[in-house]
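Tertiary structure, described
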Amino acid sequence: MDDNRSMHELLSKRPLEGVRIMDMTHAYSGPFCTMHLADHGAEVIKLEVPGKGDQSRTWEPIKDGASGYFSCYNRNKYGLALDLKSDEGKRIYKELIAKVDVVVENFRVGTMEKLGLGYDVLKEINPRLIYASISGFGIEGPDAPRPCYDIVAQALGGIIGVTGFGDDIVKVGPAIADNYSGTYLALGIVIALFQRERTGLGRRLDVSMVDSIFSILEVGPLAYTIKGEISRAIGNRDPGITPFDAFRASDGMFVIACGTDRFFAALCSVMNMPDLPRDPRFATNSLRCTHEAELKEIIESWSLKHNVADIERQILAAGIPFGNILTPAQACESDIIRRRNMLWKVYDPAFGKEIEIIGSPIKMHGCADAPRKAAPGIGEDTDSILKELINMSDGEIAKLHENGVI
């Protein structure tokens with residue numbers, strides 16, 4: 001019984017409890033990285049400029065003067081306000097660095113070095129430090145100083161060129177260069193922490209937004225390097241699987257994905273076309289890809305006679321991957337999202353009420369699947385951080401407030 005209780009207590013602890021992170025990030029990519037780590041137990045200290053704060057505090061959706069964007073991606077973090085351009089601010093920062101495990105930053109390359117707080121300086125203070133950076137183009141080379149936002153990375157990484165229909169290309173809706181680079185960096189930090197447990201050594205981590213986009217292009221680069229083919233925007237289709245697309249019904253649209261001959265045969269049965277898999281145009285996946293337009297016309301000759309709900313019932317009964325096409329609002333209200341607890345409730349003082357924010361897709365069984373605290377106000381935990389981590393007195397802290405350092 002005691003052993004079972006001890007096991008339960010161990011499993012209920014969030015995996016990153018005891019890891020302390022200095023979060024220097026702003027906007028989306030960096031806060032998305034540290035959000036993952038904070039959600040799973042890391043003590044994340046979000047450093048902001050006194051009186052100014054993260055630029056995303058002004059980003060929509062804004063209600064009652066507060067940003068839902070900022071609140072979502074900075075939950076579970078502690079707020080520290082510190083002026084790093086002041087000598088006293090730099091001194092305090094260096095003292096804090098001796099007490100943390102990880103520094104995360106996504107400033108324009110060279111910013112931390114100009115402040116005198118680059119990796120070469122900080123690793124001398126804390127040799128076990130993991131120093132993790134997100135940038136547009138990497139921290140070295142002629143492109144390193146270039147500024148970057150998601151749309152730039154999507155363009156240069158190659159994904160806009162294969163998104164859309166023909167010459168009518170578009171960016172992917174959400175800022176995937178930011179959230180992929182943030183997630184990659186979170187993974188890199190966990191890998192580096194694991195290695196540090198074995199070696200005692202810190203690490204320098206470097207994730208580029210353009211690299212992140214290029215890494216998720218899937219078939220495009222391989223089609224070029226292996227076959228010399230240039231991928232183009234082909235709408236909702238998959239370049240290597242057919243039928244794998246969006247189709248019209250009498251009252252809307254839906255998607256199906258027949259990744260195997262078995263799925264295709266099942267679809268043909270649903271459409272009452274059992275001989276179609278033996279058609280020489282459609283006998284293999286490669287042939288179906290070659291004759292994709294003809295096959296789509298055949299499928300829609302059936303689907304346009306039915307509404308989406310009826311098609312969903314028939315397709316799911318046959319075990320074929322199927323999806324309604326939902327707006328974000330419809331997704332919020334869907335049973336799937338609600339059952340998976342992908343909307344977290346948290347009381348946020350900035351709004352003065354409980355709000356719903358996007359939850360974590362990483363479900364760690366045994367741990368609470370809920371936020372621990374709302375996003376911090378600018379510097380709301382500064383005093384307690386300075387007291388607990390570097391033993392500053394009330395008088396010293398009051399003087400720092402008076403001089404605008406915190």
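Read on for a plain summary of the structure. Think of each chain on its own: its residues are numbered from 1, step by step along the sequence as written. The predicted nature of this model means local features are confined to residues of pLDDT at least 70 and side-chain atom pairs, given and counted, to a pLDDT of 80 or more, with totals for whole chains, interfaces and linings taken over all residues. With hydrogens and water stripped out, all remaining heavy atoms of the structure feed into the side-chain values.

1. Observations regarding the overall build of the chain
The numbering of helices and of strands both runs from the N terminus, where a helix is a DSSP run of H or I of at least 4 residues and a strand a run of E of at least 2. Counting its regular elements, the chain contains 18 helices and 15 strands. For the chain, the C-alpha atoms occupy an extent of roughly 85 × 55 × 50 Å along the three principal directions. Three labels apply to residues, based on accessible area from a 1.4 Å probe with only protein chains included: buried if under 20% of the type maximum, exposed if over 50%, partly exposed otherwise in between. Counting only residues that meet the buried cut, the chain has 44% of its 406 residues in that class. The accessible surface values rely on the Shrake-Rupley method and a 1.4 Å probe; as for residues, cover is taken only from the protein chains in view. For the chain, the exposed area adds up to about 21,200 Å²; of that, 55% sits on carbon and sulfur atoms. Counted as positive: Lys and Arg. Counted as negative: Asp and Glu, with His and the chain ends omitted from the count. By convention, charge coordinates are those of NZ in Lys, CZ in Arg, CG in Asp, or CD in Glu. Each charge class in the chain can be summarised by its mean position, and for the 46 positive and 56 negative side chains these summaries are 1 Å apart.

2. Comments concerning the nonpolar core
Among the nonpolar cores identified, the biggest contains 30 residues, and Ile21, Leu37, Val104, Leu185 and Ile189 are the most heavily contacted of them. Of all the secondary structure elements, the ones that give two or more residues to this core are α2 (29-39), β6 (102-105), β7 (130-135), α8 (176-199), β10 (203-208) and α9 (209-215). Should any heavy atoms of two residues lie within 4.5 Å, those residues are considered in contact. Among residues more than four places away in sequence, those in contact with Leu185 are Cys33, Val104, Ala132, Ser133, Ile134, Leu205 and Val207. Nonpolar cores are built from buried Ala, Val, Leu, Ile, Met, Phe, Trp, Tyr and Cys residues. Side-chain atoms within 4.5 Å join them into one set.

3. Focus: the side chain of Lys90
Tracing the sequence through the fold places Lys90 in helix α4 (residues 87-97). In the sections that follow, a salt bridge refers to a side-chain nitrogen of Lys or Arg positioned within 4 Å of a carboxyl oxygen of Asp or Glu. Summary of buried charges: Lys90 has no salt-bridge partner, and the nearest side chain of opposite charge, Asp87, is 5.0 Å away. Discounting residues that sit within four places of it in the chain, Lys90 has contacts with Asp83, Leu84, Lys85, Leu115 and Leu117.

4. Concerning the pairing of strand β11 (residues 244-249)
Pairing between strands is defined by DSSP: at least two bridges between the two strands are required. With six bridges connecting them, β11 and strand β12 (residues 252-257) associate as antiparallel partners. Note that in β12 the partner of Phe247 across the bridge is Phe254. Counting the residues between successive antiparallel strands, the hairpin from β11 to β12 contains two residues.

5. Topic: the packing of aromatic side chains
Stacked, tilted and edge-to-face pairs are distinguished by plane angle, under 30 degrees for stacked and over 60 for edge-to-face with tilted covering the rest, among Phe, Tyr and Trp rings (Trp via its six-membered ring) whose centres lie within 6.5 Å. The full count for this structure, using the stated rule, is 10 aromatic pairs. Between Tyr28 and Tyr73, the ring centres sit 5.0 Å apart and the planes meet at 50°, which makes this aromatic pair tilted. Taken together, the residues Tyr28 in the loop between β1 (20-23) and α2 and Tyr73 in helix α3 (residues 68-73) connect sequence positions 45 residues apart. Taken individually, Tyr28 and Tyr73 each receive the classification buried, so the pair is uniform in this respect. For the ring pair Phe254 and Phe322, a centre distance of 5.6 Å and an interplane angle of 20° mean the geometry is stacked. Of this pair, Phe254 sits in strand β12 while Phe322 sits in strand β13 (residues 322-324), and the two are 68 residues apart along the sequence. Per residue, the accessibility class of Phe254 equals that of Phe322, and both read buried. A ring is scored as having a charge over it whenever the NZ atom of a lysine or the CZ atom of an arginine sits within 6 Å of its centre and within 35 degrees of its normal. For Arg262, the ring lying beneath its charged end belongs to Phe263, and the centroid distance is 4.8 Å. In this structure, Lys296 is placed above the aromatic ring of Phe247, and the distance from its NZ or CZ to the ring centre is 5.6 Å.

6. Quick look at the sheet that holds β12
Strands sit in the order β11-β12-β13 across an open sheet of three strands; the sheet is antiparallel. The sheet is open, and its two borders are formed by β11 and β13, each paired with just one other strand. Put simply, the sheet's adjacent strands are angled 25° from each other on average, direction ignored. In this analysis an axis means a line fitted to C-alpha atoms, helices contributing only their contacting stretch, and an angle means the value between N-to-C directions, from 0 to 180 degrees. Lying over the sheet, helix α14 (residues 308-317) contacts β11, β12 and β13, oriented at roughly 160° with respect to β13.

7. Quick look at the sheet that holds β10
Paired through backbone hydrogen bonds, the strands of a sheet run either parallel or antiparallel to each other. The parallel open sheet is built from six strands, whose spatial order is β5-β2-β1-β6-β7-β10. Each edge of the open sheet is held by one strand with a lone partner, namely β5 (77-81) and β10. Going across the sheet, the axis of each strand differs from the next one's by a mean of 20°, ignoring polarity. The sheet contact formed by β6 and β7 spans four bridges and is parallel. In the strand pairing of β7, Glu105 is matched with Ser133. Across the sheet, helix α17 (residues 382-390) lies against β1, β2 (43-48) and β5, angled at about 90° from β5, the strand it touches most.

8. Details of a nonpolar patch on the surface
Together, Tyr180, Tyr184, Leu187 and Ile191 make up an exposed nonpolar region whose accessible area comes to about 380 Å². Here Leu187 lies in helix α8. Each patch is built from salt-bridge-free residues with over 30% relative accessible area, joining like charges within 9 Å and nonpolar side chains (Val, Leu, Ile, Met, Phe, Trp, Tyr) within 5 Å.

9. A word on helix α7 (residues 150-157)
For α7, the complete set of buried residues consists of Asp150, Ala153, Gln154 and Gly157. Looking straight down α7, one finds its buried side chains confined to an arc of 100°; they lie on one side. Of the residues trailing α7, Gly158 is marked for its positive phi of about 105°. The directions from the helix axis to the C-beta atoms are what the arc is built from.

10. Things to note about the layout of surface pockets
Cavity means a closed set of points on a 1 Å grid over the protein atoms alone, one where a 1.4 Å probe fits but cannot get out, pocket means an open set with protein on both sides within 12 Å along at least 5 of 7 lines, and lining means a residue has an atom within 4 Å of a point. Grid points are joined across faces, edges and corners, and a volume is the space filled by probe spheres set on the points. Computed from the structure, the largest pocket encloses a volume of approximately 840 Å³. For the largest pocket, the lining is made up of 28 residues, of which Val219, Gly220, Ser231, Ile234 and Pro239 are closest to its centre. For the lining of the largest pocket, the element with the most residues is helix α10 (residues 219-227), which contributes five residues. Amino acids outside the nonpolar list (Ala, Val, Leu, Ile, Met, Phe, Trp, Tyr, Cys, Pro) and the charged list (Asp, Glu, Lys, Arg) are all regarded as polar, and Gly is one of them. The class makeup of the residues in the lining of the largest pocket is 12 nonpolar, 10 polar and six charged. Around the second largest pocket sit 20 residues that line it, and Glu48, Val49, Lys52, Lys85 and Phe107 are the ones nearest its centre.

11. Comments concerning the packing of α7 against α8
Here α7 crosses α8 at 85°, and the two axes come no closer than 7 Å. The pairing of α7 with α8 is recorded here as roughly perpendicular in orientation. Only Ile176, Ala177 and Asp178 of α8 make contact with α7, whose side of the interface consists of Asp150, Ala153 and Gln154. Looking at the contact of α7 with α8, its residues break down into three nonpolar, one polar and two charged. Orientation is classified from the angle alone, with under 35 degrees giving roughly parallel, over 145 giving roughly antiparallel, 65 to 115 giving roughly perpendicular, and any other angle giving oblique.

12. Side note on the state of the cysteines
The disulfide criterion used throughout: a pair of cysteine sulfur atoms within 2.5 Å. Under the definition given, this model contains zero disulfides. With no disulfide partner, Cys289 has as its closest neighbouring cysteine sulfur the one in Cys258, 12 Å distant. Lacking any disulfide linkage, Cys367 is separated from the closest cysteine sulfur, that of Cys33, by 19 Å. Looking at Cys367, the relative accessible area reads 14%, which means it is buried.

Purely geometric numbers; function is a separate question.
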